[in-house]
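One-letter residues, chain by chain:
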Amino acid sequence: MRTGIATVCLSGTLKEKMQACAIAGFDGIEIFEQDLVTSPLSPEDVRAMAADLGLGLDLYQPFRDFDGVTAELLKANLRRAEAKFKLMSRLGMDTILVCSNVATATIDDDELRASQLAQLAALAGEHGVKVAYEALAWGKHVNDYEHAHRLVEMVDHPNLGTCLDSFHILSRDWDTAPIEDFNADKIFFVQVADAPKLSMDVLSWSRHYRVFPGEGQFELAKFMGHVVRAGYTGPVSLEVFNDVFRQSDVERTAVDAMRSLIWLEEQSAKWLESTSAEAAAGSVPASRRRYPMELATLPKVSEPAGFNFAEVKADDTARLEKLLGQLGFGFEGRHRTKDVQLWTMGQARVIINEQAASHSEPAIAALGFDVDSPVIASARAQQLKAPVVQRRVQADEEVFQGICAPDSTEIFLCQGSPDGTAAWTHEFGEGLEHPGSGNRAVIDHVNLAQPWQHFDEAVLFYTSALALEPQPFAEVPSPSGLVRSQVMQTTDGAVRLVLNLAPAQQASAQQAQSARKSYQEHIAFAVDDLVATARSARDRGLEFLQIPANYYEDLDARFDLEPGFLATLKELNLLYDRDADGEFLHFYTATVGSVFFEMVERRGNYGGYGAPNAPVRHAVQYDHLHRN
Ligand SMILES: O=C(O)c1ccc(O)c(O)c1
Ligand SMILES: [Mg+2]
């Protein structure tokens with residue numbers, strides 16, 4: 001698959017964008033007119049620079065408001081087009097994108113449109129240029145890709161084809177299956193963009209909220225599958241208008257973009273395989289049909305089987321130790337060579353890193369996941385451009401495969417074991433009898449704070465590298481703003497990550513210096529009997545997050561709880577939720593540095609996180625932060 005990206009996706013000057021695209025490994029780019037017009041580089045400079053960088057200049061765009069106009073306007077439009085064709089010859093480019101008319105079209109007549117497009121194609125032919133006609137979702141008369149394709153077929157000129165842009169097609173919910181029957185020679189270009197499903201006017205949605213494939217909710221593998229089956233072999237190019245990406249670090253965004261295409265390529269191959277197997281079921285055995293477009297695949301991984309460990313950092317290590325002890329964790333000792341401690345409760349393993357926490361580091365420094373094959377999982381992540389974590393290891397210590405997540409949490413791919421134990425724990429606590437409390441517990445979920453400019457990147461990272469499935473996101477009200485919360489989990493719920501986009505902080509001078517510190521992160525542990533766990537923790541002096549009395553009144557109103565049970569919840573600062581599948585009890589500890597813990601009990605098949613209680617938690621924590 002030939003990969004591409006439009007310069008409009010990125011921040012910086014044309015030169016910076018081109019360099020970042022080359023570093024990220026793109027085959028080619030689309031030059032957005034604005035980027036050229038505002039550049040000090042001459043067209044010849046751009047052409048030479050692209051050649052030096054090994055970047056193809058695959059598409060010049062956009063050319064607007066050409067078709068369906070009066071004879072007078074057509075003349076002016078053809079003149080305007082010819083100027084661009086001449087410019088393209090200096091750039092060494094051969095394909096231009098022409099958008100369906102959104103502004104100046106006054107005549108809604110396919111015969112007229114076809115004759116005007118035919119004149120454009122003839123002129124383009126004289127300049128060796130190919131015109132890719134694209135139906136914008138908000139085009140005045142042409143806003144459906146099949147309509148654009150029909151016009152191209154009517155004109156039937158070798159210099160006129162269509163551009164398929166997934167956004168314009170999927171935002172309108174058009175069926176993508178008819179693409180398969182398109183004549184591949186008439187598809188000149190393919191643009192891909194994903195987007196969250198939003199209800200707003202489609203132009204605003206398109207210009208501000210597009211994201212890279214895998215970061216939104218469109219069925220892009222299916223779209224691409226149809227394109228591949230049509231026999232298309234040209235560039236597959238990202239065209240993502242996004243307010244955040246346009247102001248983020250250019251090289252980093254280009255890598256995120258490249259990751260999305262590598263992932264999409266694999267997903268498209270999978271979609272093709274699964275749908276051709278379906279079609280062939282019962283008749284000929286499913287053979288892998290070959291298509292003219294070669295689709296690369298990645299090392300295959302299945303979902304992680306569980307959390308292997310979580311590693312936390314805080315300035316006040318002693319307070320962290322105290323908190324874990326009060327929760328019922330046992331101290332398993334220090335590492336033989338590193339400044340870390342191991343605490344366990346059942347199969348929940350927490351490492352306290354005693355190195356001073358820097359303000360730019362996340363409170364949850366590392367997470368270990370149980371996978372079938374750490375080497376294969378690591379190879380996959382690296383092919384998806386995940387940076388590798390370098391950690392010192394001694395000769396006799398377990399070597400972990402580590403990769404770095406976008407929020408700089410280190411992700412370790414660990415060998416899972418059938419009984420849930422971990423071999424590396426022997427490196428801790430020489431001479432110590434293992435004093436773990438014997439209570440059953442596992443890491444239930446981990447809540448990670450995401451810097452606002454890397455949220456979408458994180459969703460794609462965990463989807464593509466770790467095979468977690470993004471759930472529809474929620475917005476949780478908190479005193480400092482709405483917190484966007486996105487659950488990423490395995491099908492069986494054994495691994496659940498909650499990504500939180502913290503609202504911009506109204507930072508005091510001190511907080512501004514340590515912006516990261518105001519993002520809190522937490523680890524939740526599941527136990528069998530939450531009330532008993534809470535009572536023991538209280539007896540050991542645990543500092544619970546104090547829940548306001550109003551909460552319990554509201555709880556009673558909503559659920560009509562048995563009075564004794566309600567009194568127990570209130571007495572122990574427990575939170576409660578119930579849905580059709582089961583019940584959920586949980587409590588939170590006070591925060592140390594920027595990390596806190598949660599204890600949960602899931603009853604029945606409750607699969608959520610106590611979302612209705614999240615605003616209470618945020619409000620109480622806010623109160624604490626601003627009181628101290
Ligand atoms: O928003 C636009 O105007 C616009 C321009 C060019 C494109 O290829 C496109 O998809 C949208
Ligand atoms: Mg487009």
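Residues numbered from 1 in each chain as written. Chains lettered and ligands numbered in written order. Predicted model: local features only at pLDDT ≥ 70, side-chain atom pairs only at ≥ 80, totals over all residues. Heavy atoms only, no water.

Asker: Can you help me understand the UniProt feature "binding site: a divalent metal cation" (unreviewed entry) in the protein in this one?
Answerer: Sites flagged by UniProt as "binding site: a divalent metal cation" (unreviewed entry) map to Glu134, Asp165, Gln191 and Glu239. What stands out for the annotated residues spanning 106 residues is how close their C-alpha atoms remain, the widest pair being 12.9 Å apart. The residue Asp165 is located in strand E6 (residues 160-165) in this model. On the basis of relative accessibility, which here comes to 1%, the residue Asp165 falls in the buried class. Discounting chain neighbours no more than four positions away, the residues touching Asp165 are Glu134, Gln191, Arg210 and Glu239. For Asp165, the side chain forms a polar contact with the main-chain nitrogen of Phe167, separated by 2.8 Å. With respect to the element layout, Gln191 can be found in strand E7 (residues 187-192). (UniProt positions renumbered as here; feature names shortened; annotations may be inferred. Helix = DSSP H or I, 4+ residues; strand = E, 2+ residues; numbered from the N terminus. Buried < 20%, exposed > 50% of the residue type's maximum accessible area, 1.4 Å probe, protein only. Contact = heavy atoms within 4.5 Å. Polar contact = N/O pair within 3.5 Å; in protein donor to acceptor, adjacent residues only side chain to side chain.)

Asker: What should I look at first to understand the domain arrangement of the protein in this one?
Answerer: Many descriptions give the size of an interface as the accessible area lost when the pieces come together. If you check the domain split of the protein, you get domain 1 (3-288) and domain 2 (306-627). A C-alpha centroid distance of 42 Å is found between domain 1 and domain 2. Listed by partner, the interface residues are 20 residues for domain 1 and 17 residues for domain 2. For the domain 1 and domain 2 pair, buried surface summed over both sides reaches about 1,600 Å², with 59% attributable to carbon and sulfur atoms. Counting the surface domain 1 buries against domain 2, the share from its top three residues, Arg252, Arg259 and Trp263, is 40%. Linking domain 1 with domain 2 are two salt bridges. The residue Arg252 makes a salt bridge to Glu457 at a minimum N-O spacing of 3.1 Å. Taken together, the links from domain 1 to domain 2 amount to seven residue pairs in polar contact (both at pLDDT 80 or more). Residue contributions to the side of domain 1 that touches domain 2 peak at nine residues, all from helix H10 (residues 250-280). Of the residues assigned to the side of domain 1 that touches domain 2, the class counts are 10 nonpolar, five polar and five charged. (Domains from an automatic or database assignment. Buried area = accessible area lost by both parts, 1.4 Å probe. Salt bridge = Lys/Arg side-chain N within 4 Å of Asp/Glu carboxyl O. Nonpolar A, V, L, I, M, F, W, Y, C, P; charged D, E, K, R; others polar.)

Asker: What is the right way to read the environment of Tyr622 from this model?
Answerer: Mapped onto the secondary structure, Tyr622 falls in helix H18 (residues 614-627). Through-space distance from the C-alpha of Tyr622 to that of Leu501 is 16 Å; in sequence the pair is 121 residues apart. Residues contacting Tyr622, with those up to four places away along its chain left out, are Pro479 and Ser480.

Asker: Explanation requested: the packing of aromatic side chains in the structure shown.
Answerer: The geometry of an aromatic ring pair is captured by the separation of the ring centres together with the interplanar angle, meaning the angle of the planes. Counted by the stated rule, this structure contains 24 aromatic pairs. Taking 5.3 Å as the distance between ring centres and 80° as the angle between the ring planes, the aromatic pair formed by Phe167 and Trp205 counts as edge-to-face. Taken as a pair, Phe167 in helix H7 (residues 166-170) and Trp205 in helix H8 (residues 202-208) lie far apart in primary sequence, 38 residues in all. For Phe167, a relative accessible area of 0% gives the class buried. Taking the relative accessible area as the measure of exposure, Trp205 reaches 7% and is therefore buried. Ring centres of Phe525 and Phe597 lie 5.9 Å apart, and the angle between their planes is 35°; on these two criteria the pair is classed as tilted. One end of the pair, Phe525, is in strand E21 (residues 521-527); the other, Phe597, is in strand E24 (residues 595-604), with 72 residues separating them in the sequence. Each residue in the set Phe309, Phe400, Phe412, Trp424 and Phe428 is aromatic and connected to the rest through ring pairs, giving one cluster. Positioned above the aromatic ring of Phe473 is the side chain of Arg484, whose terminal nitrogen or guanidinium carbon lies 4.1 Å from the ring centre. Above the face of the Tyr609 ring, Arg602 is positioned so that its terminal group lies 5.7 Å from the ring centre. (Phe/Tyr/Trp six-rings, centres within 6.5 Å; stacked < 30°, edge-to-face > 60°. Lys NZ or Arg CZ within 6 Å of the ring centre and 35° of its normal.)

Asker: Before we go on, may I ask you to explain the pairing of strand E2 (residues 28-32) in this structure?
Answerer: Looking down a regular strand, the side chains alternate between one sheet face and the other. Within E2, five of the five residues are buried, which leaves it mostly tucked inside the rest of the structure. Burial of E2 is two-sided: the residues Gly28, Glu30 and Phe32 facing one way and the residues Ile29 and Ile31 facing the other way are all buried. Of the strand pairs in this sheet, strand E1 (residues 2-6) and E2 are connected by three bridges, and their pairing is parallel. Bridged to Ala6 within E2 is Glu30. Pairing analysis gives five bridges linking E2 to strand E3 (residues 56-63), with the strands arranged parallel. Bridged to Glu30 within E3 is Leu59. (Pairing = 2+ DSSP bridges.)

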